[in-house]
Structure formats: structure tokens, C-alpha cells
Amino acid sequence: MIRLQSCRKAYAKETQRTVPPEETLRLARERLPVAGITRVADITNLDRIGIPVFSSIRPTAEAGAISVYNGKGATPVEAEVSAMMEGIERYSGEMDNREPVIGRYSEISAGENALDPADLILPDRVPADIVVPWVKGYDIVQEEEVLVPAHAVYHPLPATYGRLFRTNTNGLASGNTLEEATFHALMEVVERDAWSLVEVTRNTGPRIEGIDDGLAADLLAKFAAAGVEVTLKEITSDIGIPTVAAVADDVVLKDPTLLTIGMGSHTSAHIAVLRALTEVAQSRLTQIHGAREDTDTADVRKRIGYDRTKRLNRHWFAESEVVRFSQMPSFDSDDFLTDIDHVTERLDAAGLSRVIVVDLTRPEIGIPVVRVIVPGLEMYAMDQDRMGRRCRDARSRRLPRSQL
């Protein structure tokens, strides 16, 4: 059973944490050998932008998982922490020797509270009521334990357990406390939902302008000085949590692999912008570094070239209305539990009444890691085999009747 408590923030710059990043860095560094992380490297200088990006390497990652993880930040310490925590998240999110319950939904739900797999947006042609593995989670809204399909929890999941859908890491997050990890995971599932709605509607929202000072302005100046055009778009969904996309075009190199995008969701609009900017810097370095195993898109882009790649993604570069940064809604608090309550209220108002948290913290690591599952939120941007009601409704509102 998970009981979230008041959890005050002690750090708020590019992200928010309960302790300064130097303390998180110390704790994470001590746990790296246990997680199998053998190297953490500063790869910032591989790019000309100068925004800090680090990578961590875990050669022992399970088959089907990547072994190189990147982290970004406004400072080198924040970026190094991000890379380390990403590696610890991935280690904690693997199934390893954890034993699930096996059965059909009809059997499991007869004796225990269980989530219907159909609520997780299944691909077409998945047989009804198939045998799947189940893991215990806790619904922090309904305040009840609930069994959920392991496909929504672990990544990767051994092929011996069948394929309900492709596993992924959406909603997997770490933190200094359970509350911090839960909030970060919530922001990721909200972000991926908003991004999915954009991809099915091709409506990238208004361009954000009016960022004239502060850290975000400094980051934008770094891109501009390097000849990289960055456009900020507000893609906040009906849920109302500020969500920002940063789209980068290297007009100097005109390299199709460097037409990159970064996303950020946060209750604070300021931090949502910062996360999008640092993530697009990370996306550039992921391509330049070329060490990750999940960058097949780059090969396709090299074949088709810069101009065609940009045309295929023209919805991100098209002219749009403008919103002033000062006009963006923002909810700023000093407590993670307050933020979590705010987000669950916004989800409920959008008809999403369940927020399930699975505690994946490894005792040998001791750093909190959770998987957050919000049945009904979209992940089409990550897996185009899975399109749910929210995406279908958004697309039907956007398209002319002749195209439905």
C-alpha cells in the first residue's frame, strides 16, 4: 500500500527536487555499481550548443532494453544526476527475478480488484481475455490496491509472457522520495498524452514568445548563437498541465538527423519550458553521440534528406498563432503532494479517474522508482499501434467529415 505524504521541495531550477542536486548526485553515484552502470560521461562538448548533457552506460541491461541513457540539465551537476537516475530507473524497471501472478482477467478479477487490460488502449486484433502476468499497484485516487498487467509495468518483459502490447518506459521515474518520483512520472504520462494528441491532429498549438530574461532566455540564446533555430510551442491538452514542445532546426548544417524535438510537462510553466529546451539539446546530442540503440529514425532521415524530412514534419514548423509566455497558466507550489493532488484533480475533470502507482524501488539500491499508469491517457506518439478514445475524438474534431 502506498501512502503519499506532504513532501517539501528544496530545489527548483531546471527541475524540482526535495534536496539539492549535489546531494542526489552523491546518493546516486554510490548506487551505480549495484545497478550495473559502469561509466558516466560528459558529452556536452560533442555539440556546439553548450547545454550540459551526460550519458551513462549499463552493459548488463536485459535483452530488448537500451544500455546507454542520456541526461540533461541547466548545469553539469543536474545533467549528470539526470543521466545517473535514468540508468537507475531502467535497472529498477526491469522484471529481473520478480514473480508476477499469471491468469486471465476474467479469472483474476473474480477474486481480486484488477484493471481490465482493455482500459490500457490495446492494439487491434489482441485476443480477448488472454493469459497475462499481473503486478500489484495502488490507485492513489480510489485509494485501493489493484492488479495491473505486467506489460504496463516492466520494460522489457520476457517474450515468454506473451505480447499484450509493446512495453515501454512511459511513466517510469525516480526521485529522492516516493512523492518526487510519482510526480515526475505523472508529468511524463501527461506529456506523452499531449504529444500524441498533437501527432494525430497535426495541431501543434501556438508559438510561445516573450521569454526575455531568466534561465530559459539564456538557453535560447545559446541555441541562437550556434545558428540553431528553436521554436517553442504550447501543446497543453484539455488536462491543463502546461506542456511545451521545443523544435530545433540546425540551419547551419541542415542535417536531417538534427531536426529534433524536446518535450516538457510541469505544473510550473517555467519548468515546462526549461525541460523542453534541455531535452531538445539532449535530442541533438543523442544523434551526434550515436551510441544509443534506439535511433533507427536517424538512418531513415539520412536516406530521405533534410528537405523531405522537414516537409514530413511541417506541422511543427508551420506558422501559428502566438501566446505570450506570461499568459500561460501555471500552478506553482512548494510541495510535491500539493502538485500531485492538483494533477489528479485535473485528470478527473477530464474523465480520467484512476492513477495507479507501482513501487519498483529495488532494496539493494534504495532510490525510489515508480511506474505511474493512468488508464485512458494516450501514448500514440510512442506506439502507433495504440490509439485510444482521446486521440480518436481529437482527430474527428480536427478533420473534415470527408476524411473521417
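In the block above lies the structure referred to throughout.
Residues numbered from 1 in each chain as written. Predicted model: local features only at pLDDT ≥ 70, side-chain atom pairs only at ≥ 80, totals over all residues. Heavy atoms only, no water.

Asks: Is there a simple way to explain the packing of helix α1 (residues 21–35) against helix α2 (residues 76–92) in this structure?
Replies: The relative placement of two packed helices is expressed as an angle between their axes plus a distance between the axes. The N-to-C vectors of α1 and α2 enclose an angle of 40°; their axes lie 9 Å apart at closest approach. Comparing the axis directions of α1 and α2 gives the class oblique. The handedness of the crossing between α1 and α2 is left-handed. Residues P21, E22, T24, L25, A28, R29, R31, L32, V34 and A35 of α1 pack against V77, E78, E80, V81, M84, M85, I88 and Y91 of α2. In terms of residue class, the contact of α1 with α2 is made up of twelve nonpolar, one polar and five charged. (Axes fitted to C-alpha atoms, helices over the stretch in contact; angles between N-to-C directions. Helix = DSSP H or I, 4+ residues; strand = E, 2+ residues; numbered from the N terminus. Parallel < 35°, antiparallel > 145°, perpendicular 65-115°, else oblique. Left-handed = near helix turned anticlockwise from the far one by under 90°. Contact = heavy atoms within 4.5 Å. Nonpolar A, V, L, I, M, F, W, Y, C, P; charged D, E, K, R; others polar.)

Asks: Even after reading the chapter, I still don't get the pairing of strand β15 (residues 356–359), so can you show me in this structure?
Replies: Looking down a regular strand, the side chains alternate between one sheet face and the other. Sheet analysis places strand β7 (residues 132–139) next to β15, joined by two bridges and oriented antiparallel. The residue bridging D139 from the neighbouring strand is I356, located in β15. By the bridge criterion, four bridges tie β15 to strand β16 (residues 369–373) in an arrangement that is antiparallel. When the sheet's bridge partners are listed, V358 is paired in β16 with R371. (Pairing = 2+ DSSP bridges.)

Asks: Could you clarify how one ought to interpret the packing of helix α4 (residues 178–201) against helix α10 (residues 336–349) in this entry?
Replies: Their axes nearest at 9 Å, the elements α4 and α10 cross at an angle of 30°. Both α4 and α10 take part in a crossing whose hand is left-handed. Note on element contacts: α10 touches α4 through F336, D339, I340, V343 and L347, opposite E179, E180, T182, F183, H184, L186, M187 and V190. Residue composition of the contact of α4 with α10, by class: eight nonpolar, two polar and three charged.

Asks: Please explain unusual backbone geometry as it appears in this structure.
Replies: Apart from glycine, the bulk of residues carry a negative phi angle, and the bulk of peptide bonds sit in the trans form. With an omega dihedral of -5°, the bond running from H155 to P156 counts as a cis peptide bond. Tracing the chain through its elements places P156 in the loop between β8 (144–149) and β9 (172–174). Backbone geometry places D129, a non-glycine residue, at a positive phi of 55°. Here D129 lies in the loop between α3 (105–111) and β7. Positioned with a positive phi, K254 is a non-glycine residue whose angle comes to about 50°. Mapped onto the elements, K254 comes out in the loop between β12 (243–250) and β13 (260–265).

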